[in-house]
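The lines below spell out each chain.
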Amino acid sequence: MSTEFNELLQNPHGDNLQIWIVGSREQVIHTINEFHVKRVVADRSQFSPLIPAPLAPGKYMTLLMR
């Protein structure tokens, strides 16, 4: 994993829940929108930027910390 992912895993905010969403670009964007519409998150900005998944070629991922 890259340094960026290692930094995400080392959570300085305690034991916050992390939700990792991995899939095709369209699937990830759809799930982000679905979380917002169903009011799981108040704002889409709570997700990390969309980035290529390191262990899944052709897939993308985002991270939601609650």
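Provided above is the structure to which this section pertains.
Enquirer: Could you give an account of the environment of G58, naming the residues involved and the relevant values?
Expert: Mapped onto the elements, G58 comes out in the loop between strand 2 (51–52) and strand 3 (60–65). Residue classification places G58 among the exposed residues on the basis of a relative accessible area of 65%. For G58 and S24, which are 34 residues apart along the polypeptide, the C-alpha to C-alpha distance reads 7.1 Å.

Enquirer: Tell me what's going on with the pairing of strand 3, and back it up with residues and numbers.
Expert: Here strand 1 (residues 18–23) pairs with strand 3 via 6 bridges, running antiparallel. Its bridge partner being in strand 3, Q18 is matched across the sheet by M65. Of the strand pairs in this sheet, strand 2 and strand 3 are connected by 2 bridges, and their pairing is antiparallel. Bridge pairing links P52 to Y60 in strand 3.

Enquirer: Can you lay out the sheet that holds strand 1 for me, pointing to particular residues and giving the numbers?
Expert: Here we have 3 strands laid out as an open sheet, ordered 1-3-2, and antiparallel in their pairing. What marks the edges here is a single partner per strand, and that holds for strand 1 and strand 2. Where helix 2 (residues 25–37) meets the sheet, its contacts fall on strand 1 and strand 3, and the angle it forms with strand 1 comes to roughly 140°.

Enquirer: Got a sec to walk through the pattern of salt bridges? Specific residues and values, please.
Expert: For the structure shown, the criterion picks out 1 salt bridge. Between E34 and K38 there is a salt bridge whose closest N-O contact spans 3.0 Å.

Enquirer: Can you explain the packing of aromatic side chains? Please cite residues and give values.
Expert: Under the counting rule described, the total for this entry stands at 1 aromatic pair. Taking the ring centre of Y60 as reference, the NZ or CZ of R25 above it sits at 5.5 Å.

Conventions we followed
Residues numbered from 1 in each chain as written. Predicted model: local features only at pLDDT ≥ 70, side-chain atom pairs only at ≥ 80, totals over all residues. Heavy atoms only, no water. Helix = DSSP H or I, 4+ residues; strand = E, 2+ residues; numbered from the N terminus. Buried < 20%, exposed > 50% of the residue type's maximum accessible area, 1.4 Å probe, protein only. Pairing = 2+ DSSP bridges. Contact = heavy atoms within 4.5 Å. Axes fitted to C-alpha atoms, helices over the stretch in contact; angles between N-to-C directions. Salt bridge = Lys/Arg side-chain N within 4 Å of Asp/Glu carboxyl O. Phe/Tyr/Trp six-rings, centres within 6.5 Å; stacked < 30°, edge-to-face > 60°. Lys NZ or Arg CZ within 6 Å of the ring centre and 35° of its normal.

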